[in-house]
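Spelled out from the first residue to the last, the chains are:
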Amino acid sequence: MLSDGKEKYEKEKIRNSVSSEHVNEEKAEEHMDLRLEHCLAYVLHTSGTTGIPKIVRVPHECIVPNIQHFRVLFDITQEDVLFLASPLTFDPSVVEIFLALSSGASLLIVPTSIKLLPSKLATVLFSHHRVTVLQATPTLLRRFGSQLIKSTVLSATTSLRVLALGGEVFPSLTVLRSWRGEGNKTQIFNVYGITEVSSWATIYRIPEKILNSTLKCELPVHLGFPLLGTVVEVRDTNGFTIQEGSGQVFLGGRNRVCFLDDEVTVPLGTMRATGDFVTVKDGEIFFLGRKDSQIKRHGKRLNIELVQQVAEELQQVESCAVTWYNQEKLILFMVSKDALVKDYIFKELQKHLPSHAIPDELVLIDTLPFTSHGKIDVSELNKIYLNYINLKSENKLSGKEDLWEKLQYLWKSTLNLPENLLKVPDESRFLNSGGDSLKSMRLLSEIEKLVGTSIPGLLEMILSSSILEIYNHILQTVFPDEDVTFRKSCATKRKLSNINQEEASGTSLHQKAIRTLSYHNENNAFVALSRGSQILSLNTTRFLPKLGHCSSAYPSDSISQTNTQNLKGLNSPVLIGKSKDPSCVAKVPEEGKPAIGTQKMELHLRWRSDTGKCVDASPLVVIPAFDESSTTVYIGSHSHKMKAVDFYSGKVKWEQSLGDRIESSACVSKCGSFIVVGCYNGLVYVLKSNSGEKYWMFTTEDAVKSSPTMDPTTGLIYIGSHDQHAYALDIYRKNCVWKSKCGGTVFSSPCLNLIPHHLYCATLGGLLLAVNPATGNVIWKHSCGKPLFSSPRCCSQYICIGCVDGNLLCFTHFGEQVWQFSTSGPIFSSPCTSPSEQKIFFGSHDCFIYCCNMKGHLQWKFETTSRVYATPFAFHNYNGSNEMLLAAASTDGKLWILESQSGQLQSVYELPGEVFSSPVVLESMLIIGCRNNYVYCLDLLGGNQK
């Protein structure tokens, strides 16, 4: 039959699909016997997710026809790469393994740890190994998220030739169409079967014209035709086979039989009940739902899978699941694409569902739990709901012990700690336990929801204190009348050990005025570039005319605040000199990729450098004025390593191991001989720029994530700490000039303005402060009400900063708020201004990159494929035109190059990991860090350079 071709076979099977009279005649005479030698291929347990768990013994004769038929239907050749998506305890894995091995194709096996990270898995499957055939459950596919599915899995350029979805209800055509990128040619199949007749029974390829149609289809995707050797019957409640109408599916075939539990012999052609209900219309079979999905609610029959299908088609819904909790409550679990209001979702559901189908509760979750077989884990959803109602019903805490228990639960659930962890140790710290800024916001929200009120200063406590300290802090708000006793060891700041205290200590000195430091050497003239288009040009007075810089209102030895004072000049060959011969650039495989076909600019990998762990810090690029060819990139990573890398070749000049993780971005000293960087162990390190040798270490009282800023008029270094202070350090005299209490954790980086001479600091307590750089005294402060993770940015007239409430705020240098611009998500990205200071660019967690003018009016916005955490970088096109471009990164690893005037996309490039680092552009090269442990240098090539 196989040699006759697919079409003839499919027609033959459709005619025989609902007939089993010939099978029944043989049942009494012939049996399959598991005691016969070589009868069984494998034995497994059913998962129990769709019924009672069973032991299933599968004969070779039952499973081999699946493999033979799939080889023909999928046109498998030795050029194909199949992904082993199913675990060995799930029978589709047998099909995947032997489909590859019997065809000479490649079988890709991925560690479970990678499977749990959707973005990483997508990179492995479709960038590194170019998988062509994927058989998976719809839940496994949904874990990629709609944006990643559309941009990678089912994009126009995907390697995926065949996608077969089975094991669960097939997605609706509306959802399926929304997942496909324009121009995608992947063949999509609906496969259906049960483990009791291992493995698949029917198949249907969704026609291209249906996938491309914009007409709404009310019917679900039909089950298709029976696979080789398989018989499909639909029976009514009386057990009679029907040709039209609704009934239960029965599966079998002469040799398509398995042994269940204690069975030793089974009649050939035995038909097994599936528990799945379908409707037969014009000879086609459409899935209605499982027997246990049919419920009676408010006196009417309801298929709960219909509720899930309708909810999933809502634009705001990423994925969802519905359960009938304790057979009394209909619960909708939802993963949302963005922040949403429950009332809005209920209103949308009421437009599409009858009143008896509206859920009792809507529970927002971060991701759907799934079993090892890739199906939705209903028991885990029930646990989530039980915890949800326990917290909701017990909002009024019964006492301190109750608070402690619930805080422990929220801590463990937010950090995804193991369930068997009975108690979180008192000294546990959120960041050290796997937390990050996003998870801290989630924990803050859950705690305030639990206690029913906002708690001042709680976010700083979460990010910098132990769980016991956090508990004591909450107690003061929730039970203010009770006597709360603090443990002395917990009330004090943590001590930092293994440090040379004599070398690391600094003396606090309050001075009325600061003398300009004498450490100055014109031979160290340089230009430094850092995130947000910040340029520091020092000791280059005599070179400025040659470099093409515009005259500045500031002294020549100055910082041009975020404004790039003439970034075109900086990116000109006059300053940089000729690029080195490309032959000396290390050849690196293109693991990232351009993500669109028609681009005005292309990005190509020039070099990459392995740091050993995630790179969240942003690069510092230093260009010596006397030897442009020795331009260096300085960057640190979670591996504790600080590296100096040659800008042109990617060759590592030096590497220095510090005491802990590095998320702080470095700055350069006034003399150019040192770089300064903060560290998680609470130290500020001063390293020699030419060798990485430790010159001085200064100790704060908590982690330093803030990036330092250098004052070009005095040489002082300013930096913030999680100990709620900002510091001014004289690195030449190795002392602390002043220490200023900021009233909250300083996560972001201080920003220096020269006229007026102000230092701006922001805290997670929501305070924006203007500090006197000479004395540390507060000039003015403004409470923004919500945490400030974004770093402030100055221009000649204003100071701007983003807030987690979704607003970009603008102030005068005297502390008066001028305007605010609202987005639809938290702003962690720091603003970046255009060289003319007429526009300001920033990103938001609502997935957009924004451009506003200095009056707070939107000029344009560009939608990316994920949240935008990093700071954009404005630069002149290196092709000699006067065009201004903008580089920005989204957390899913995409780099976006936009035309800064209009926001029009010029190019997009995908890195193989998440990105929280901000890009820096020099000449036609872009530097950025990635969470796959590498620092990348990409060449930006225009149309005439390709």
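Just so it is clear, the structure is predicted and the values come from calculations on it, not from any experiment.

Rules behind the numbers
Residues numbered from 1 in each chain as written. Predicted model: local features only at pLDDT ≥ 70, side-chain atom pairs only at ≥ 80, totals over all residues. Heavy atoms only, no water. Helix = DSSP H or I, 4+ residues; strand = E, 2+ residues; numbered from the N terminus. Buried < 20%, exposed > 50% of the residue type's maximum accessible area, 1.4 Å probe, protein only. Contact = heavy atoms within 4.5 Å. Pairing = 2+ DSSP bridges. Axes fitted to C-alpha atoms, helices over the stretch in contact; angles between N-to-C directions. Core = buried A, V, L, I, M, F, W, Y, C linked by side-chain atoms within 4.5 Å. pLDDT = per-residue confidence, 0-100. Parallel < 35°, antiparallel > 145°, perpendicular 65-115°, else oblique. Left-handed = near helix turned anticlockwise from the far one by under 90°. Nonpolar A, V, L, I, M, F, W, Y, C, P; charged D, E, K, R; others polar. 1 Å grid on protein atoms, 1.4 Å probe; cavity = no way out; pocket = protein on both sides within 12 Å on 5 of 7 lines; lining within 4 Å. Points joined across faces, edges and corners; volume = space filled by probe spheres on them. Phe/Tyr/Trp six-rings, centres within 6.5 Å; stacked < 30°, edge-to-face > 60°. Lys NZ or Arg CZ within 6 Å of the ring centre and 35° of its normal.

Asks: Is there a simple way to explain the environment of Ile365 in this structure?
Replies: Mapping Ile365 onto the fold places it in the loop between β21 (361-364) and α13 (378-393). In this structure Ile365 comes out as buried when scored by relative accessible area, which is 12%. Placed 16 residues apart in sequence, Ile365 and Leu381 show a C-alpha to C-alpha distance of 9.7 Å. Among all residues touching Ile365, those that are not within four sequence positions of it are Phe333, Met334, Val335, Leu381 and Ile384.

Asks: Please clarify how the sheet that holds strand β41 (residues 767-771) should be interpreted in this entry.
Replies: Each strand in a sheet pairs with another by means of backbone hydrogen bonds, the pair being arranged parallel or else antiparallel. Taken in spatial order, the four strands of this open sheet run β39-β40-β41-β42, and their pairing is antiparallel. Either end of the sheet is taken by a strand with one partner, and the two such strands are β39 (751-753) and β42 (778-783). Each strand axis lies, on average, 20° off the axis of its neighbour in the sheet, ignoring direction.

Asks: I'm lost on the nonpolar core in this one. Help?
Replies: General note: in soluble globular proteins, nonpolar side chains tend to be found buried as a group. Ranked by size, the top nonpolar core spans 41 residues in total, and within it Ile897 and Leu926 carry the most contacts. A total of six residues in this core trace back to one element, the largest contributor, which is strand β57 (residues 934-942). Ranked by size, the runner-up nonpolar core spans 38 residues in total, among them Ala644, Leu658, Cys667 and Tyr727.

Asks: Would you take a moment to explain the confidence of the model for the protein for this structure?
Replies: For the protein, the mean per-residue pLDDT works out to 82, and 82% of the residues sit at or above 70. pLDDT under 50 marks residues 1-28. Its contacts with residues more than four places away, or in other chains, come to 39 contacts. Note that pLDDT drops below 50 for residues 484-523; the model gives that stretch 85 contacts with residues more than four away or on any other chain.

Asks: Looking at this model, I keep getting lost on the packing of helix α3 (residues 60-73) against helix α4 (residues 92-101). Mind explaining?
Replies: For any two helices packed against each other, one specifies the crossing angle of their axes together with the interaxial distance. Look at α3 against α4: their axes get within 9 Å of each other, and the N-to-C directions meet at 55°. With respect to α4, the element α3 is oriented oblique. Both α3 and α4 take part in a crossing whose hand is right-handed. On α4, the residues that touch Ile63, Asn66, Ile67, Phe70 and Arg71 of α3 are Val94, Val95, Phe98 and Leu99.

Asks: Is there a simple way to explain the packing of helix α14 (residues 400-415) against helix α17 (residues 467-478) in this structure?
Replies: The N-to-C vectors of α14 and α17 enclose an angle of 130°; their axes lie 11 Å apart at closest approach. With respect to α17, the element α14 is oriented oblique. Like other packed secondary-structure pairs, α14 and α17 cross with a definite hand, here right-handed. Judged by residue contacts, Lys400, Glu401, Leu403, Trp404, Leu407, Gln408 and Trp411 of α14 engage Ile467, Leu468, Ile470, Tyr471, Ile474 and Leu475 from α17. Grouping the constituent residues of the contact of α14 with α17 by class yields 10 nonpolar, one polar and two charged.

Asks: Is there a simple way to explain helix α6 (residues 118-128) in this structure?
Replies: A turn of α-helix holds 3.6 residues, and therefore any two residues three or four places apart point the same way. Among the residues making up α6, those that are buried are Leu121, Ala122, Thr123, Val124, Leu125, Phe126 and Ser127. Looking one or two places after α6, you find Arg130, whose phi comes out positive at around 50°.

Asks: Would you explain the pairing of strand β20 (residues 329-336) in this entry?
Replies: Along any regular strand the residues' side chains alternate between the sheet's two faces. Most of β20 sits out of view: six of its eight residues are buried. Looking at chain direction, strand β19 (residues 317-325) and β20 are connected through eight bridges and run antiparallel. Note that in β20 the partner of Trp324 across the bridge is Leu330. Two successive antiparallel strands, β19 and β20, enclose a turn made up of three residues, where Asn326 displays a positive phi of approximately 55°. Across four bridges, β20 lies against β21 in parallel orientation. If you follow Phe333 over to β21, its bridge partner there is Val363.

Asks: Would you mind going over empty space enclosed by the protein with me for this structure?
Replies: To locate leftover empty space, one rolls a probe as large as a water molecule over the atoms. Within the structure shown, the criterion is met by six cavities of 30 Å³ or more. Estimated volume of the second largest cavity: approximately 80 Å³. What lines the second largest cavity is simply Phe83, Lys115, Pro118, Leu121, Leu125, Leu134, Ala136, Leu140, Leu141, Arg143 and Phe144. Of all the elements in the fold, those that place two or more residues in the lining of the second largest cavity are α6, β6 (133-136) and α7 (138-142). Per-element tally for the lining of the second largest cavity: the top contributor is α6, with three residues.

Asks: Explain the side chain of Ser159 here, please?
Replies: By secondary structure assignment, the location of Ser159 is in the loop between α8 (146-153) and β7 (162-165). With residues near it in sequence (within four places) discarded, Ser159 still touches Leu125, Phe126, Arg130, Val131 and Thr132.

Asks: Which parts of the structure should I look at to understand the sheet that holds strand β32 (residues 674-678)?
Replies: With antiparallel pairing, four strands are arranged side by side in an open sheet as β31-β32-β33-β34. Strands with a single pairing partner mark the edges of an open sheet, and in this sheet they are β31 (667-668) and β34 (694-699). Across five bridges, the pairing between strand β33 (residues 683-688) and β34 is antiparallel. Across the sheet, the residue bridging to Leu683 is Thr699, located in β34.

Asks: Explain the packing of aromatic side chains to me, please; I cannot follow it from the model alone.
Replies: Inspection of every chain in the model, using the stated rule, returns 26 aromatic pairs. Here Tyr325 and Tyr385 contribute two aromatic rings whose centre-to-centre distance is 4.8 Å and whose plane-to-plane angle is 70°, an arrangement assigned as edge-to-face. Residue Tyr325 is located in strand β19, and its partner Tyr385 is located in helix α13; the two are separated by 60 residues in the primary sequence. The two residues Tyr325 and Tyr385 agree in class, both being buried. In this structure, Lys734 packs its charged tip against the face of Tyr695, placed 4.5 Å from the ring centre. Above the plane of the ring of Phe916 lies Arg931, whose end atom (NZ or CZ) is 4.0 Å from the centre.

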